[in-house]
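Residues per chain are reported as follows:
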Amino acid sequence: MNPTDPTLPAASPKVVIDHLSAWFGATPALQEISLNIYPFERLAIIGPAGSGKSTLLRCLNRLNDLTPGFRSQGQVFLDGQELLTSPVDVAQLRRKIALVNTDPTPLPGTVFDNIAIALKMAGVRAPAQIDERVETGLRNVFLWDEVKDHLHDPALHLTNEKRKRLSVARALALEPEILLLDEPCANLDHVSATRFEDSLEELKQRYTIVMATNDIKQAARASDKTAFFLKGELVEWSSTRKFFTQPDQPRSHAFITERF
Amino acid sequence: MGQRRWHNLSETLIEWVIRLCGISAIICVFGIFFFVFREGADLLFHRFDIVQFLFSQEWYPTSQSHIRYGVLALIAGTASVTVLAMLMAVPFGLGAAIFVSEFCGPKMKEALKITIELLAAIPSVVWGFIGLTVMNPLIITVFHAPIGLNVLNGGIILALMSVPIIVSIAEDALKAVPDSYREAGLALGATRWQLIYRVLLPAAKNGLLAAVLLGVGRAVGETMAVLMATGHAVKIPTSLLDSVRTLTATIAAELGEAPMHSDHYQVLFIIGILLFSLTFAVNLIADLIVKGIRNK
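All of these numbers come straight from a predicted model, not from anything done at the bench.

**Quick word on the overall build of chain A**
Within chain A, the secondary structure is distributed over 10 helices and 10 strands. Overall, chain A is about 50 × 40 × 35 Å in size when its C-alpha atoms are taken along their principal axes. In chain A, the proportion of contacts linking residues at least 24 apart, taken out of those at least 6 apart, comes to 67%. Within the structure as shown, chain A displays about 11,200 Å² of accessible surface, and the carbon and sulfur contribution to it stands at 50%. A distance of 2 Å separates the average location of the 30 positive side-chain charges in chain A from that of its 33 negative side-chain charges.

**Some details on a nonpolar patch on the surface**
A surface patch of nonpolar side chains, amounting to about 420 Å² of accessible area, comprises I23, I26, I27 and F30 of chain B. When you line up the elements, I26 of chain B lands in helix α1 (residues 2-46).

**As for the nonpolar core**
I17, L20, I33, L35 and L56 of chain A together with I271 of chain B are the most contacted members of the largest nonpolar core, which totals 105 residues. Counting residues per element, this core draws most heavily on helix α6 (residues 151-175) of chain B, which supplies 12 residues. If sequence neighbours within four positions are ignored, L35 of chain A has contacts with V15, V16, I17, L43, L56, A227, L234 and W237 of chain A. One finds V111, V147, L179 and Y207 of chain A within the second-largest nonpolar core, a separate group that totals 46 residues.

**Focus: helix α3 (residues 111-121) of chain A**
Burial of α3 of chain A is extensive: 9 of the 11 residues sit out of reach of the surface. Of the positions making up α3 of chain A, those classed as buried are V111, F112, N114, I115, A116, I117, A118, L119 and M121 of chain A. Considering only its buried residues, α3 of chain A is in contact with α2 (90-96), α4 (127-140), α5 (144-147) and α6 (160-173) of chain A together with α7 (179-187) and α8 (192-203) of chain B. Just downstream of α3 of chain A, G123 of chain A is the residue with a positive phi angle, here 95°.

**A few points about unusual backbone geometry**
Residue and element names in this part refer to chain A. The phi torsion at E32 lies on the positive side, around 50°, for a residue other than glycine. Note on placement: E32 falls in strand β2 (residues 27-37). The phi dihedral of F40 is positive, around 60°, even though this residue is not glycine. Among the structural elements, F40 can be located in the loop between β2 and β3 (42-46). Here F40 falls in the partly exposed class, since its relative accessible area comes to 46%.

**Structural notes on the interface of chain A and chain B**
Interface extent is often summarised as the accessible area lost during association of the parts. At the junction of the two partners, chain A supplies 22 residues and chain B supplies 17 residues. Here chain A meets chain B over a buried area of about 1,800 Å², counting both sides, of which 65% is carbon and sulfur. For chain A, the biggest contributors to the area lost against chain B are T105, P108 and M121 of chain A; these three give 32% of the whole. Taken together, chain A and chain B are joined by 1 salt bridge. A salt bridge links R58 of chain A to E183 of chain B; the nearest nitrogen and oxygen atoms lie 2.8 Å apart. For the interface between chain A and chain B, the tally reads 4 residue pairs in polar contact (both at pLDDT 80 or more). Residue composition of the side of chain A that touches chain B, by class: 14 nonpolar, 2 polar and 6 charged.

**Some thoughts on the pattern of salt bridges**
Summed over the entire model, instances satisfying the criterion amount to 24 salt bridges over all chains. Linking E146 of chain A and K162 of chain A is a salt bridge whose minimum nitrogen-to-oxygen distance equals 3.8 Å. Separated by 16 residues along the polypeptide, E146 of chain A in helix α5 and K162 of chain A in helix α6 bring together distant segments of the chain. The exposure class of K162 of chain A is partly exposed, given its relative accessible area of 22%. R245 of chain B serves as the salt-bridge partner of E254 of chain B, at 2.5 Å between the closest nitrogen and oxygen. Here E254 of chain B and R245 of chain B have matching classes, each one buried. What emerges from the salt-bridge pattern is a single network uniting K14, D79 and E177 of chain A.

**What to know about the domain arrangement of chain B**
Residues and elements named next belong to chain B. Each assigned domain of chain B is listed with its residue range as follows: domain 1 (2-47) and domain 2 (68-295). Inter-centroid distance (C-alpha atoms) of domain 1 to domain 2 is 30 Å. Counting from both sides, the interface comprises 13 residues of domain 1 and, opposite them, 10 residues of domain 2. Summed over both sides, the interface between domain 1 and domain 2 buries roughly 990 Å², with carbon and sulfur atoms accounting for 73% of that surface. Considering only the side of domain 1, the residues that lose the most area to domain 2 are V36, E39 and L43, jointly responsible for 51% of the buried surface there. In this structure, D263 engages R47 in a salt bridge whose closest nitrogen and oxygen atoms are separated by 2.5 Å. Scanning the region where domain 1 abuts domain 2 turns up 3 residue pairs in polar contact (both at pLDDT 80 or more). Of the residues that constitute the side of domain 1 that touches domain 2, the class distribution is 9 nonpolar, 1 polar and 3 charged.

**Describing the packing of helix α4 (residues 106-120) of chain B against α6 of chain B**
Residues and elements named next belong to chain B. Viewed as axis vectors pointing N to C, α4 and α6 meet at an angle of 140°, and their least axial separation amounts to 8 Å. With respect to their mutual orientation, α4 and α6 come out oblique. Of the two possible hands of crossing, α4 and α6 adopt the one that is left-handed. Mapping the contact onto sequence places K109, K113, I116, L119 and A120 in α4 and L160, P164, V167, E171 and K175 in α6. Considered class by class, the residues forming the contact of α4 with α6 number 6 nonpolar, no polar and 4 charged.

**Here we look at the confidence of the model for chain B**
Mean pLDDT over chain B works out to 91, with 98% of the residues at or above the 70 mark. Across the predicted assembly, pTM comes out at 0.81 and ipTM at 0.81.

**Some words on the environment of R218 of chain B**
Residue and element names in this part refer to chain B. Relative to the assigned elements, R218 resides in helix α9 (residues 205-221). You can call R218 partly exposed: its relative accessible area is 26%. Those residues in contact with R218 that sit more than four places away from it in its chain are M161, S162 and I165.

**Remarks on the packing of helix α3 (residues 72-103) of chain B against α6 of chain B**
All names here are of chain B. Interaxial distance between α3 and α6 falls to 6 Å at its minimum, and their mutual angle equals 35°. Here the hand of the crossing between α3 and α6 comes out right-handed. Classifying every residue of the contact of α3 with α6 gives 23 nonpolar, 6 polar and 3 charged.

Thresholds applied
Residues numbered from 1 in each chain as written. Chains lettered and ligands numbered in written order. Predicted model: local features only at pLDDT ≥ 70, side-chain atom pairs only at ≥ 80, totals over all residues. Heavy atoms only, no water. Helix = DSSP H or I, 4+ residues; strand = E, 2+ residues; numbered from the N terminus. Contact = heavy atoms within 4.5 Å. Areas by Shrake-Rupley, 256 points an atom, 1.4 Å probe, with all protein chains shown as cover. Lys, Arg positive; Asp, Glu negative; His and termini not counted. Charge placed at Lys NZ, Arg CZ, Asp CG, Glu CD. Patch = residues over 30% accessible without salt bridge, like charges linked within 9 Å, V, L, I, M, F, W, Y side chains within 5 Å. Salt bridge = Lys/Arg side-chain N within 4 Å of Asp/Glu carboxyl O. Core = buried A, V, L, I, M, F, W, Y, C linked by side-chain atoms within 4.5 Å. Buried < 20%, exposed > 50% of the residue type's maximum accessible area, 1.4 Å probe, protein only. Buried area = accessible area lost by both parts, 1.4 Å probe. Polar contact = N/O pair within 3.5 Å; in protein donor to acceptor, adjacent residues only side chain to side chain. Nonpolar A, V, L, I, M, F, W, Y, C, P; charged D, E, K, R; others polar. Domains from an automatic or database assignment. Axes fitted to C-alpha atoms, helices over the stretch in contact; angles between N-to-C directions. Parallel < 35°, antiparallel > 145°, perpendicular 65-115°, else oblique. Left-handed = near helix turned anticlockwise from the far one by under 90°. pLDDT = per-residue confidence, 0-100.

Okay, structure coming up:
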């Protein structure tokens with residue numbers, strides 16, 4: 001499927017998803033998805049629950065491999081390299097394409113440890129460099145000022161909202177090329193959500209961001225492009241402005257108007 | 001109406017039975033402590049030289065002219081076999097638990113778990129028998145030792161006995177780590193080993209510590225197998241091939257021969273108090289460590 005919006009850039013895509021289908025056991029989760037993700041854009045993937053948004057994100061860094069009964073067909077390319085069928089270093093791939101889950105999971109240990117663990121796993125050893133990157137990571141999500149005096153408290157003591165930002169900071173500390181956010185603002189109040197979206201705007205300068213969200217208002221505010229999924233099928237993919245003002249597909253229109 | 005009264009009565013009755021079950025553990029522990037303490041109290045409070053008891057190596061409880069109740073060598077015996085057993089059992093046990101929990105497939109896991117449970121069900125006298133008839137000649141042949149009943153033999157037997165406990169408790173602890181931790185770790189690009197080392201072991205450390213300490217408890221408290229496998233010689237060991245005698249083995253071997261309420265009989269109960277205190281200390285330290293970890 002080609003993008004339906006002529007204003008889409010002609011630059012070479014960062015990720016090419018080519019006729020990707022996926023199943024959990026006998027249940028189809030994605031059907032023939034073709035979609036490009038361009039460098040430094042914010043792509044919002046919207047759709048009701050069960051439409052395949054998370055499955056698509058988890059295909060990109062092969063986290064679905066862990067789910068028993070999962071299989072896929074089709075191809076995904078990152079900078080021209082095929083990811084699903086050719087042998088790739090999965091650990092390295094997951095550092096390049098970092099996923100932040102819906103439920104923020106602080107790892108055992110302190111706030112500092114949470115980011116330091118990620119860095120150490122990526123091979124960063126020098127303590128000074130770890131200190132610096134922990135601070136940068138926390139500043140990226142506006143968490144530094146709030147936790148700088150509690151860096152060595154258990155991360156489990158943080159509120160849900162701070163945990164969420166911590167997991168984003170943890171993913172960003174690895175300096176990924178693409179950041180995948182699954183329901184980034186689920187369970188956040190609107191003040192935190194707005195702050196979070198502001199930080200996405202800033203992060204866009206450095207990362208390609210793909211977020212799956214139920215919140216179409218958020219997609220409208222905080223993305224450059226929108227892909228609308230329904231029951232595992234890609235219904236429409238265009239610039240966010242066009243999608244929310246002049247959607248091509250009647251189903252897109254129905255989805256937006258019902259929700260707005 | 002009558003049915004309702006019956007219902008209330010049975011409710012109260014069940015509540016009391018359950019309450020009694022809960023309290024019974026405390027009553028039993030205090031009861032055991034009281035009994036052991038009472039049997040040794042007369043000697044302990046009147047004619048007892050605690051310095052000699054703890055720091056002398058001379059254990060001559062039945063001597064006519066030179067009666068000595070020094071348990072230092074027995075403590076050293078218990079400590080040496082326990083430490084050796086743990087040096088072998090802890091890495092093996094934790095390694096096996098990690099393998100069972102994280103690496104093997106469902107069929108293999110089932111087979112291994114059944115085997116490990118079977119290993120835990122072997123009676124200790126059978127282990128002692130193995131020490132006596134299998135390990136003993138083996139150690140004599142391999143190390144050219146005059147006798148194969150020694151620290152090494154006891155340590156290996158105790159290690160084999162502690163491993164199943166360590167494996168099953170540690171495996172439970174690892175299994176209890178939520179899958180979201182595994183996923184979060186893998187999403188950060190962890191390799192399999194990094195996931196275990198950086199995420200799962202820290203997350204499960206309370207349970208793993210409990211596993212190790214239960215193993216220690218098993219090793220300190222084991223009687224029959226060490227009685228048969230360690231050679232029963234009262235001396236502080238200087239090598240792995242020295243025979244030793246443990247606190248538990250001494251009680252088991254001598255209690256039947258000591259005249260009721262004699263000093264010898266009572267000192268064996270004081271050894272019992274010492275063992276009780278040792279295991280209590282191990283548990284207390286474990287508890288404090290676990291609490292410390294939790295608050296960190």
